[in-house]
Amino acid sequence: MIRLTDVRKAFNQGRENEFWALKGIDLSVEAGKVTVFRGPSGSGKTTLLTLVGCLARPTSGRVRLKDRDISGLPERFLTDIRRSTFGFVFQQFNLLKGITAIENVMIPAYPLGIDRTELSRRAHALLERLDIAPKARSNAEWLSGGEAQRVAIARALINDPEVVIADEPTANLDSERSKQFLDIVETLKESGKTVLMTSHDPLVCETAVVDRVVSLRDGQLVERGG
Amino acid sequence: MIFQPAIIALLLASLTGALLVAGQLPFSVSVLRHWNTASGSERQLEMEKRTYLVSTLLAVVLAAELASLVLFVFNADRMSTLFVGAMCAVGTLNVNEFGFPSLYLKMAAFFAASGWLALNHLDSRGHDYPLVRVKYGALLVLCPLLLAAAGVQLAYFLGLRADVIASCCSTLFSGNTQVTSDRLATLDPAVALGVMGGAMAVVFALGRRVQATGRGGVAFAAAALLAFVAALEAVVAALSVYVYEMPHHHCPFCILKGEYGHVGYALYLPLFIAAALGLAAGICQPACRIASLTEAAPRILRRCVTASMASYALFGLVAAWLVWRSHLILMEESPINAILLNLSGGQP
Amino acid sequence: MNSWIGKQRNLLDFTLSSLSRRRGKTLGMLAVYTSIVFVLASVMLFSHAIRREAAIVLVKSPEVLVQRMVAGRHDLIPARYLDAIRGIRGVQSVEGRLWGYLFDPSAAANYTLMVPASPRIEPGKVIIGDAVARARSAEPGDLMSFRAHDGTLVQFKVDGAIGRESALVSADLFLVSETDFRRLFGIPEGLFTDLAVSVRNPREVGKIAEKIDAALPDTRIVLRDEILRTYESVFDWREGMLLVLLAGAILAFAIFSWEKASGLSAEEKREIGILKAVGWETGDVIRLKMLEGLVVSLSAFLLGYLLAYAHVFHLGAGLFEPALKGWAVMYPKYRLTPFVDELQVATLFFFTVFPYTVATVVPIWRAAIIDPDQVMR
């Protein structure tokens, strides 16, 4: 469903510290599968994730989403695609402090103009599904790591995206919580979602739920089937 | 110059607005030269980000232009006590040769800014920003207009001198000719109302056509602007007279005053909005041919046309109501019938 | 359309929640903003009220004043001029007026002496203005004495004081009888300070003034409209002047808003980054921030204006009296009639909300264009 052709991404272009994070990536991601990008830090796996997830535009090359070329789209339209197609779970969870868990879950839906009551019903259902409903009214900064992650997952799912993207999801969790996370991934896969993750955690890369592991080094692919 | 808070505020607003837009000119030039939607280079990304600033600034400038238009007229009316012979805003604006040009330029600036925002709105609906060069080219034209409006306004205010008591002798004979609004009215009231009704009928007929076929937006825009002029003429020649109930008082500004319940706002606001939306429709029409806008542009076009027609209808209703409730009878045949006849002619 | 409204509502909800989340910063901004509005609104309300007060007083004054000029200076006018004017068609009545100034060494102040046409004051009695009563702590029944032009003492018995209602013009008044006035200054019978003419048809004021000028070439003719106009422009000028002095404050305020808007805390930047990463568009973030500004602006405007209203109309505008009322020793002390003018509110809005909005546009935009992938770097 996502196809990258000779994708490159530069930072600080034209300046002395110019740096190419990705140097020609050809990759396709299948729908309904769980794919993991693996590589040492600085290998470009997070940059790759941002390009696939429409968070950024490639400097050159093509990104096609369901046969639509989205590499030349301005941010305004990328955002449109992003919020309906992708849900993000960040490494630091990135919840907004000072507001409740449920408000955090609803934030991505605000610009869509969905009715408040409908929205809050949906958010509650998600928190229920992730076994965190009792914490709905707690402020985000009072949640433990595992709870915060589940709220973050609920937030990623609020707009019912086809693809869930998780950046180093287990980096801040102990083994027990990591396993719980992988269980959630499994249920997501069962419900037909495509899951993309970056990780260098062997626990993640070697579980059965992962269909494919893509290895990166120095902005290039070192592919191994999974 | 007369040192007065409202004047200072107006000068501040128009100069700031003009300079803000002028500050975007170098960027406009670089858009015209380097814009390339397909590129993902950092320069292109920077330019795309900058466009958000420009559209936000223009929205602020438009709001300021509209507000300062109101403030300008309001203040002109209030200042009339300072000048011998000035009875209301007309007299104040006639104090020197820059008064009316300043008003007209302000109106032009308002319409230009609203046209630009319409263009901007359209452009941002096309995934490849198809109108970006047109838009920034237009900014190169808009900027001098804003600067001119600010400059003429400055000249107008600088040229104002209050007729105050001089210590040497009385100012009695410095000028006792009254500047009234009588000569503003060049048209017979019946003719003016008729022309306005006719123009409105054309607007509605063309508007129906656009709604039905999605074509004729440019013609609609032209008709809307003509109707705007005709409506202003009708306000001067007839409607204001009905409000004042004095056959020879033709002032287009006094109807804004509290003495007449500020009815002027109920007339002018729909009128200006209607004309601005009509103009926007004219901008939408050619955009319908652009590939990336084939879906959005016709939708926006229809919306503009519908809203413009609704605003004109509101204006017509307010006008008809003013005539109807007036105690003054200007013509044998009741003009309200003429208006209603014309309106219904275009709107089944 | 529905989703558009829903979106605006959601944005507004979120705006209010983020404002209350940063309570300290919001309140700080609100305090500065409110005080700016307060100061400007006080100046405007005060000068408008005072101008209106003057206009109300002037409405009662004669339509035409005739003064005799000798060598470019105002001189006493002989009574025969009265008859000359009376003969002009359209003149309703002419009266000779007697007025002048009297310096009182013990109060170190100037009084305005007048001989009122009605009520007639008996010789030896005086009616004094509010400020005079205060300056001399005089009460009805007290005696006041002054040296006349020839050095003899003239004594007055205070008959009453004028109330504070029209204190702007009456504060320093000293109303005496015609006999006393002439004795004090040595003005012989048959001479007046000036003549007050009232006209039957207000439209003919100009024509009549012309006729008086032709008949009595050595006079200066002052029309009430001209006085009104002069007052207007003098007050406008003062108000404008004060605003220019306050321009520094407005500028400082604009810079302060710029600072506040651009000096986003790391936390706020992180927030914007998150919003963008989870699907907010740059335009949404700009709208959010503008909405925040609008909420702060409107609250500050309302609050500042109400405070200024209370300050001017209930607390006597203690802060601006010296600047706006003039530089006389005797300040009138009185309550202004509350009066709110639309033009003034609109102008004030321009002076506060417009600079704030303009000053915050660029910082808001800068904050809003944070790359959405920032949070992942």
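Here is what the cut-offs are and how they apply
Residues numbered from 1 in each chain as written. Chains lettered and ligands numbered in written order. Predicted model: local features only at pLDDT ≥ 70, side-chain atom pairs only at ≥ 80, totals over all residues. Helix = DSSP H or I, 4+ residues; strand = E, 2+ residues; numbered from the N terminus. Contact = placed C-beta atoms within 7 Å. Expected span 1.5 Å × (residues − 1). Buried ≥ 20, exposed ≤ 12 C-beta atoms within 10 Å, placed from the backbone. Domains from an automatic or database assignment. Nonpolar A, V, L, I, M, F, W, Y, C, P; charged D, E, K, R; others polar. pLDDT = per-residue confidence, 0-100. Pairing = 2+ DSSP bridges. Axes fitted to C-alpha atoms, helices over the stretch in contact; angles between N-to-C directions. Right-handed = clockwise from strand over helix to strand, strands pointing away. Left-handed = near helix turned anticlockwise from the far one by under 90°.

This paragraph deals with the overall build of chain B. Helix and strand counts for chain B come out as eleven helices and zero strands. Taken from N to C terminus, the helices and strands of chain B fall in the order α-α-α-α-α-α-α-α-α-α-α. A separation of at least 24 residues holds for 75% of the contacts in chain B among residues at least 6 apart in sequence.

Bringing helix α5 (residues 145-157) of chain A into the picture now. Residue and element names in this part refer to chain A. The end-to-end C-alpha distance of α5, which contains 13 residues, comes to 19 Å, matching closely the 18 Å that a straight helix rising 1.5 Å per residue would cover. Most of α5 sits out of view: eleven of its 13 residues are buried. Buried residues of α5: E147, A148, Q149, R150, V151, A152, I153, A154, R155, A156 and L157, and no others.

Residue and element names in this part refer to chain B. The domain architecture assigned to chain B consists of domain 1 (5-158) and domain 2 (182-346). Listed per partner, the contact involves 18 residues of domain 1 and 19 residues of domain 2. Elements with a contribution of two residues or more to the side of domain 1 that touches domain 2: α3 (42-79), α4 (89-93) and α5 (99-123). Considering each element in turn, the side of domain 1 that touches domain 2 owes the most residues, six residues, to α5. For the side of domain 1 that touches domain 2, the per-class residue count stands at eleven nonpolar, four polar and three charged.

Quick look at the confidence of the model for chain B now. All names here are of chain B. Averaged over every residue, the pLDDT of chain B is 82; residues scoring 70 or more account for 84%. Within the model, the stretch residues 166-183 combines pLDDT values under 50 with 35 contacts to residues more than four positions away or in other chains. Low pLDDT (under 50) marks residues 344-348, which in the prediction has six contacts with non-local residues, meaning those over four places away or in another chain.

Residues and elements named next belong to chain A. Strand order in the open sheet made by the six strands is β6-β7-β8-β3-β9-β10, with mixed pairing throughout. Of all strands in the sheet, those bounded by a partner on one side alone are β6 (86-89) and β10 (220-221). Across five bridges, the pairing between strand β7 (residues 163-167) and strand β8 (residues 194-198) is parallel. Its bridge partner being in β8, I165 is matched across the sheet by L196. Across the face of the sheet, helix α6 (residues 175-190) comes into contact with β3 (34-38), β7 and β8 while running at roughly 145° to β8.

All right, on to the pairing of β7(A) then. Residues and elements named next belong to chain A. For β7, the buried fraction is high: five of the five residues fall into the buried class. Burial along β7 is two-sided: V163, I165 and D167 and V164 and A166, pointing in opposite directions, are all buried. Pairing between β6 and β7: four bridges, direction parallel. Looking across to β7, one finds that G87 is bridged to V164. The β-α-β motif built from β7, the intervening α6 and the parallel element β8 has right-handed crossover chirality.

Facing the twelve residues of chain A at the interface are ten residues of chain B. A per-element tally of the side of chain A that touches chain B places helix α2 (residues 75-85) of chain A first, with three residues. Of the residues belonging to the side of chain A that touches chain B, the class tally is four nonpolar, five polar and three charged.

All names here are of chain C. Their axes nearest at 9 Å, the elements helix α1 (residues 2-21) and helix α10 (residues 282-313) cross at an angle of 65°. Considering how the two elements wind past one another, α1 and α10 form a crossing that is right-handed. On α10, the residues touching L11, L12, F14, T15, S18 and L19 of α1 are R287, L288, L291, E292 and V295. Considered class by class, the residues forming the contact of α1 with α10 number seven nonpolar, two polar and two charged.

Examined against the element boundaries, A:D69 turns out to sit in strand β5 (residues 68-69). Setting aside chain neighbours within four positions, we find A:D69 in contact with A:R62 and A:R64.

To continue, consider the confidence of the model for chain C. Residue and element names in this part refer to chain C. Residues at a pLDDT of 70 or more form 92% of chain C, whose mean pLDDT is 81. Helix α11 (residues 321-325) is the least confidently modelled element of chain C, averaging 58 in pLDDT, while α10 averages 91, the highest of any element. Two numbers describe this predicted complex: its pTM, 0.80, and its ipTM, 0.90.

Mapped onto the secondary structure, C:I370 falls in the segment after α12 (342-368). Setting aside its immediate chain neighbours within four residues, C:I370 contacts C:K269, C:I272, C:G273 and C:K276.

What follows is about the sheet that holds strand β5 (residues 99-104) of chain C. Residue and element names in this part refer to chain C. Pairing within the open sheet is mixed, and its six strands lie in the order β5-β6-β10-β7-β9-β8. The open sheet has two edge strands, β5 and β8 (143-147), and neither has a second partner. Each neighbouring strand pair of the sheet contributes to a mean axis angle of 35°, computed without reference to strand direction. Two elements, strand β7 (residues 125-128) and strand β9 (residues 153-161), share four bridges in a ladder whose sense is parallel. Within β9, the residue paired with I127 across the bridge is G160.

Residues and elements named next belong to chain A. Note: β3 against strand β9 (residues 212-217), four bridges, orientation parallel. Bridge pairing in β9 places V36 opposite V213. Where β9 meets β10, two bridges bridge the pair, whose relative direction is antiparallel. Opposite L216, over in β10, you have L221 as the bridge partner. Between the end of β9 and the start of β10, which pair antiparallel, lie two residues, with D218 showing a positive phi angle near 50°.

Taken together, the 32 residues of chain B in the interface contact 37 residues of chain C. Looking at the side of chain B that touches chain C, the element that brings in the most residues is α3(B), giving eleven residues. The residue inventory of the side of chain B that touches chain C, partitioned by class, reads 21 nonpolar, eight polar and three charged.

Residue and element names in this part refer to chain A. Of note, D218 is a non-glycine position whose phi angle comes to about 50°, a positive value. Along the chain, D218 turns up in the loop between β9 and β10. You can call D218 partly exposed: it has 14 C-beta atoms within 10 Å.

Residue and element names in this part refer to chain C. With respect to the secondary-structure elements, G160 resides in strand β9. Considering only alpha carbons, one finds G160 and G263, 103 residues apart in sequence, at a separation of 64 Å. Contact partners of G160, with chain neighbours within four places excluded, come to I127 and P140.

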